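# Summary of the model geometry
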Amino acid sequence: MTLDKTVSIFGLGYIGLPFSAALANVGYKVIGVDVDNEKISMLKRGEVGIHEPGLRETLEKYKQRIEYTTDGAYAVQNSDIIFVTVGTPVNENDEPDYSQLDSCIEIIGKNLRKGQLVMLKSTVIIGTTEEYVSPKLEKISGLKAGEDFYLVFCPERTIEGLALHEIYNLPKIIGGINKESSIMAEKIMRRFGGKTRIVSSPRAAEMCKLVDNLYRTTNIAFANETGMLCEKIGIDANEVVSAVNSSYPRTNIFRPGLGADGPCLSKDPIIFRQSALKYKIATPVIDGCIIQNRFSTYRIAEMVKQYILKNSLNKINLSIIGLAFKGFPETDDLRGSPAIKILDILKKEKIRLDSIKLY
């Protein structure tokens, strides 16, 4: 049975599109918004464009509840609830790019009406919801946040390749600018199943998102640092990690490998550091984590380069098996791909590659 409320989602990528499918699955009418005309045309034809188990089938099953558009104004005018899931990448100077978020705020603000709920899911610098988004929406709309409209930060925690499963099962963290905002958001998120956890503020929810990923990122950096030392002194790092972790509930060390790459684990430590700089807090642990993770991927390119030089190879045929940023669960997402980073470094080092095969 379809619910009375209509939800619009700004950004139909690896987060927004599965979330659209899940919302339709639990009974909401959905308006999916994206600036990419070709993506909208594909979705209207039933072509998903990304690999996510169960996504195509769910979108097809509930296609009567979902419409796709590039017209953000239309979406806001015809919605009760507005989700923002656009990208907030960092640039080459390690500064967050809010251009997509700004565009959404502008469109939403111009068309916002009393009683609507705006929910942010994009990763942001701590304080963004209250100090940046809320004032902008108020200025553009002429409405008061927490009184005329409601505003919440609800971090996305799903992993690509298991997104639909995790949307229904993972705990949902909710941080509203006031109690009423949080209560309204919780009613919506409860439709998916799983637990909900209301925190004291959007800042707390924004911090939760960063801490989630920082736990894994620092573990990856530590594992690789451990692995490098083991390698140097002739110890099998996998043996060490396996022995330490075995039946010992207080320890869960990752295995050494590439750095923390991909669209989130490479970005979120930088956003955390930018948040800390805003409050004049030093971040030596995170600084080291960023350096180590970048080095862990770059050193693979250096190893390839040294092998080529050591063996005086003239004709070089390079095969790269696995292009996505991770392999389990499987994804086709090339954002932050370590394989592409390694290839780019070799090209910058002017290593002449006669043949490149990508798998």
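Our subject is the structure that appears above.
Presented here is an overview of the structure given in this document.

### Overview of the overall build of the chain
Tallying secondary structure elements over the chain gives 13 helices and 10 strands in all. A compact globule built from 359 residues should have a C-alpha radius of gyration of about 21 Å, and the chain, at 22 Å, falls within 12% of that. Each principal axis of the C-alpha distribution contributes one length, and for the chain these read about 70 × 45 × 40 Å. Split into buried and exposed, the 359 residues of the chain put 48% on the buried side.

### Considering unusual backbone geometry
Note that the residue after Phe328, namely Pro329, is joined by a cis bond; omega there is -10°. By the element assignment, Pro329 lies in the loop between β9 (317-320) and α13 (338-348). In this model, Lys280 sits at a positive phi of 60°, which is unusual for a non-glycine residue. Topologically, Lys280 is positioned in the loop between α11 (268-278) and α12 (284-310). Accessibility expressed as a relative area gives 76% for Lys280, which makes it exposed. Within the chain, Ser312 stands out as a residue other than glycine whose phi angle is a positive 50°. Examined against the element boundaries, Ser312 turns out to sit in the loop between α12 and β9.

### Some points on the packing of helix α9 (residues 202-233) against α11
Direction vectors running N to C along α9 and α11 enclose 125°, while the axes themselves pass 9 Å from each other. Comparing their axes, α11 and α9 come out oblique. Handedness of the crossing formed by α9 with α11: left-handed. Contact with α9, carried on its side by Met207, Lys209, Leu210, Asn213, Leu214 and Thr217, involves Asp268, Pro269, Ile271, Phe272 and Ser275 of α11 and no other residues of that element. Within the contact of α9 with α11, the residues separate by chemical class into 6 nonpolar, 3 polar and 2 charged.

### Some remarks on helix α2 (residues 37-44)
Side chains of residues three or four places apart in an α-helix project in the same direction, reflecting 3.6 residues per turn. For α2, the side-chain oxygen to backbone nitrogen distance between the N-cap and Glu38 is 3.0 Å, and the N-cap itself is Asp36. Gly46, located one to two residues past α2, shows a positive phi value of around 90°.

### A short note on the environment of Arg65
Mapped onto the elements of the fold, Arg65 is located in the loop between α3 (55-61) and β3 (66-69). Sequence-wise, Arg65 and Lys172 are 107 residues apart; in three dimensions their C-alpha atoms are separated by 24 Å. Reaching out from Arg65, the side chain makes a polar contact with the backbone oxygen of Ala24 at a distance of 2.6 Å.

### Some remarks on the sheet that holds strand β4 (residues 81-84)
Strand order in the open sheet formed by 8 strands is β3-β2-β1-β4-β5-β6-β7-β8, with mixed pairing between adjacent strands. Looking along the sheet, the strands with just one partner apiece sit at the ends: β3 and β8 (196-198). Between one strand axis and the next, the sheet turns through 25° on average, direction left out of account. Relative to strand β5 (residues 117-120), β4 runs parallel, the two sharing 4 bridges.

### Some words on α11
Within the sequence span of α11, burial applies to Asp268, Pro269, Ile270, Ile271, Phe272, Ser275 and Ala276. Contacts from the buried residues of α11 go to α9 and α12.

### Comments concerning the packing of aromatic side chains
Counting across every chain of the model gives 4 aromatic pairs. Taken together, a centroid distance of 4.8 Å and an interplanar angle of 70° make the contact between Phe19 and Phe83 edge-to-face. With Phe19 in helix α1 (residues 16-25) and Phe83 in strand β4, the pair connects residues that are 64 residues apart, well separated along the chain. What makes Phe19 buried here is its relative accessible area of 2%. Among the residues examined, Phe83 registers a relative accessible area of 0% and is labelled buried. Of the aromatic side chains, those joined through ring pairs into one cluster are Phe19, Phe83, Tyr168 and Phe192.

### Re the pattern of salt bridges
Between side chains of opposite charge, pairing is possible as soon as their charged atoms come close. Enumeration according to the criterion identifies 23 salt bridges in this entry. The salt bridge involving Arg273 is made with Asp94; its shortest N-O contact spans 3.3 Å. With Arg273 in helix α11 and Asp94 in the loop between β4 and α5 (99-111), the pair connects residues that are 179 residues apart, well separated along the chain. We classify Asp94 as buried; its relative accessible area is 15%. Its salt-bridge partner being Glu138, residue Lys144 comes within 3.8 Å of it at the nearest N-O pair. The class for Lys144 is partly exposed, based on a relative accessible area of 40%. Connected via shared salt-bridge partners are Asp94, Arg273, Asp287 and Arg294.

Thresholds applied
- Counting starts from 1 at the beginning of each chain's written sequence and moves along it residue by residue.
- The predicted nature of this model means local features are confined to residues of pLDDT at least 70 and side-chain atom pairs, given and counted, to a pLDDT of 80 or more, with totals for whole chains, interfaces and linings taken over all residues.
- The side-chain values count all of the structure's non-hydrogen atoms but skip hydrogen atoms and water molecules.
- Only DSSP runs of H or I covering at least 4 residues are called helices, and only runs of E covering at least 2 are called strands; the numbering of each starts at the N terminus.
- For the radius of gyration, the atom set is restricted to C-alpha positions; the globular benchmark scales as 2.2 Å times the number of residues to the power 0.38.
- Relative accessible area decides the class of each residue, using a 1.4 Å probe on protein chains only: under 20% of the type maximum gives buried, over 50% gives exposed, and in between gives partly exposed.
- The angle between two axes is taken between their N-to-C directions and runs from 0 to 180 degrees, where each axis is a line fitted to C-alpha atoms and a helix contributes only its stretch in contact.
- Angle categories are assigned with fixed cut-offs, so that under 35 degrees is roughly parallel, over 145 is roughly antiparallel, 65 to 115 is roughly perpendicular, and the rest are oblique.
- Here a crossing is taken to be left-handed if its near helix is turned anticlockwise relative to the far helix by less than a right angle, and right-handed if that turn runs clockwise.
- The contact criterion used throughout is that any non-hydrogen atoms of two residues lie within 4.5 Å.
- Residues were grouped as follows: Ala, Val, Leu, Ile, Met, Phe, Trp, Tyr, Cys and Pro as nonpolar; Asp, Glu, Lys and Arg as charged; and all remaining residues, including Gly, as polar.
- Counting of polar contacts relies on pairs of N or O atoms within 3.5 Å, with two restrictions inside protein: one atom must be capable of donating a hydrogen and the other of accepting it, and residues adjacent in sequence are counted only when both atoms are side-chain atoms.
- One requirement defines pairing of two strands: DSSP has to find at least two bridges between them.
- Each Phe, Tyr or Trp ring, with Trp reduced to its six-membered ring, pairs with another whose centre is within 6.5 Å; inter-plane angles below 30 degrees give stacked pairs, above 60 give edge-to-face pairs, and intermediate values give tilted ones.
- Each reported salt bridge corresponds to a side-chain nitrogen of Lys or Arg within 4 Å of a carboxyl oxygen of Asp or Glu.

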